[in-house]
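Read off the chains here:
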Amino acid sequence: QDAKLPHVVILATGGTIAGTGATSTTTVGYTAAKVGVESLIKAVPELSNVANVTGEQVFQIASESMTNEHWLALAKRVNTLLAQADVDGIVITHGTDTLEETAYFLDLVVKSNKPVVLVGSMRPSTAISADGPINLYNAVALAGSKEAVGKGVLVALNDQINAAREVTKTNTVSTDTFKTTELGFLGYMLDGKPRFYRASLRKHTAETEFDVSGLNALPAVDVAYSYANVGTAAVDAFVAQGDVGIVHAGTGDGSLPARTKPALVAARKKGVIIVRSSRVGQGIVARNGEANDDELDFVVSDTLSPQKARILLMLALTRTHDTKEIQRMFYTY
Ligand SMILES: NC(=O)C[C@H](N)C(=O)O
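Values in this document were obtained by computation on a predicted structure and should not be read as measured data.

**What to know about the pairing of strand 9 (residues 187-190)**
Step number 1: In this sheet, strand 9 lies alongside strand 6 (residues 160-163) in antiparallel orientation, the contact comprising two bridges. Note on strand 9: the bridge partner recorded for Q160 is Y188.
Step number 2: Relative to strand 10 (residues 193-196), strand 9 is paired through four bridges, and the arrangement is antiparallel. When the sheet's bridge partners are listed, Y188 is paired in strand 10 with R195.
Step number 3: Between the antiparallel neighbours strand 9 and strand 10 lie two residues, among them D191 with a positive phi of about 50°.

This is the structure in structure tokens:
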């Protein structure tokens, strides 16, 4: 322990960064979530040069199995730790498949300006040139840095720093998979030091109106994906199971197929909040563009991906069912 260094807590949740393969050349077909947090820390002795590190195993899962309940537990732990004067920053080791979703959820509910950095890896810990150790080193250095304070929840892999709201996984297996394609990533990690060039302008962390401290569950919201020949089965099933919100991952600028639209309109009449988003991955879903949202009383996702729109809609529904208010939130966060 070096009193001059920041105290960074590593919260381990599993994923490939904690995965093991049969051989050193196994980079797919490995088992995720095997190695514990103490082993992750021990594998990178250089961490002690940049921070005093302590570890906690919060879950041990592959991130495709992440649930709302995991998020609530994780957010509460993060908020408790960051309220402690002796904690300077948090690193969360996480599977990459839903890493961007956990990052955005935390971006909306963490009540602190202290850095929170999500990190993972694409190769298991046993692989030649595993990317986990260097990613973990950079994440810890970033979480302990003054530069990362107030920047919102960050995602740092492959020497690049991204904002939680905008980053997405873009390649199924490559180590160079996390991208903020059009808006651009925030900066680089270079020799364990952050170099920031931009910041996300949407409200986050300490500035948000969302509070999960008293919540044990989140409102039921699902994503209905659109494609040629789509029918109403998904929307109907979501309504039947009692969803209070549906995010429509529409084609193009969030367009509504002739067959699906009546089901969404009927769902809205029953009180379900409908958010029009797009499966395209880039660009703004324009309000009153592909549909008359004012008339239908729908909300548009702005630039959020369907999976992130689901998160904001769940949190919005913990505060209000007023569509004007919810639309304001989609233009704020
Ligand atoms: N690279 C990874 O971490 C993928 C893994 N399926 C996970 O998300 O847990």
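**Details of the domain arrangement of the chain**
Reports of interface size often rely on the accessible area that becomes lost once the parts have come together.
Step number 1: Here the domain parsing of the chain yields domain 1 (7-207) and domain 2 (221-330).
Step number 2: Using C-alpha coordinates to define each centre, domain 1 is positioned 30 Å away from domain 2.
Step number 3: Listed per partner, the contact involves seven residues of domain 1 and seven residues of domain 2.
Step number 4: Here the element with the most residues in the side of domain 1 that touches domain 2 is helix 4 (residues 99-109); it accounts for four residues.

**Looking at the UniProt feature "active site" (unreviewed entry) in the chain**
Step number 1: In the numbering used here, UniProt assigns the "active site" (unreviewed entry) feature to T16 and T96. The greatest C-alpha distance among the annotated residues, which extend across 81 residues, is 7.5 Å, indicating that they converge on a single site.
Step number 2: In this view, T16 contacts A32, G95, T96, G120, S121, M122 and P124; residues no more than four positions away in its chain are not counted.
Step number 3: By the secondary structure assignment, T96 is in the loop between strand 3 (89-93) and helix 4.
Step number 4: The class of T96 is buried, set by 26 C-beta atoms lying within 10 Å.

**Quick word on the site of the ligand**
Step number 1: Around the ligand sit G15, T16, A32, A62, S63, E64, G95, T96, D97, G120 and M122, and that is every residue in its neighbourhood.
Step number 2: Classifying every residue of the shell around the ligand by side-chain character gives three nonpolar, six polar and two charged.

**Observations concerning the UniProt feature "domain: Asparaginase/glutaminase C-terminal" (unreviewed entry) in the chain**
Step number 1: Using the residue numbers shown here, the UniProt feature "domain: Asparaginase/glutaminase C-terminal" (unreviewed entry) corresponds to residues 221-330.
Step number 2: Across residues 221-330 one finds 37% helix and 17% strand; the C-alpha atoms that close the span lie 15 Å apart.

**Considering the nonpolar core**
Step number 1: One finds I90, V140 and L312 to be the most contacted residues of the largest nonpolar core, which totals 93 residues.
Step number 2: For this core, the domains that each give at least three residues are domain 1 (7-207) and domain 2 (221-330).
Step number 3: Not counting chain neighbours up to four residues away, the residues in contact with I90 comprise V8, V9, L11, V78, L81, L82, V116 and A143.

**Observations concerning the confidence of the model for the chain**
Close inspection of predicted coordinates is inappropriate for parts of the model with low pLDDT.
Step number 1: Averaged over every residue, the pLDDT of the chain is 98; residues scoring 70 or more account for 100%.
Step number 2: Across the interface, the model reports ipTM at 0.97; the global pTM reads 0.98.

Conventions and cut-offs
- Residues numbered from 1 in each chain as written.
- Predicted model: local features only at pLDDT ≥ 70, side-chain atom pairs only at ≥ 80, totals over all residues.
- Pairing = 2+ DSSP bridges.
- Helix = DSSP H or I, 4+ residues; strand = E, 2+ residues; numbered from the N terminus.
- Domains from an automatic or database assignment.
- Contact = placed C-beta atoms within 7 Å.
- UniProt positions renumbered as here; feature names shortened; annotations may be inferred.
- Buried ≥ 20, exposed ≤ 12 C-beta atoms within 10 Å, placed from the backbone.
- Near = placed C-beta within 6 Å.
- Nonpolar A, V, L, I, M, F, W, Y, C, P; charged D, E, K, R; others polar.
- Core = buried A, V, L, I, M, F, W, Y, C linked by C-beta atoms within 7 Å.
- pLDDT = per-residue confidence, 0-100.

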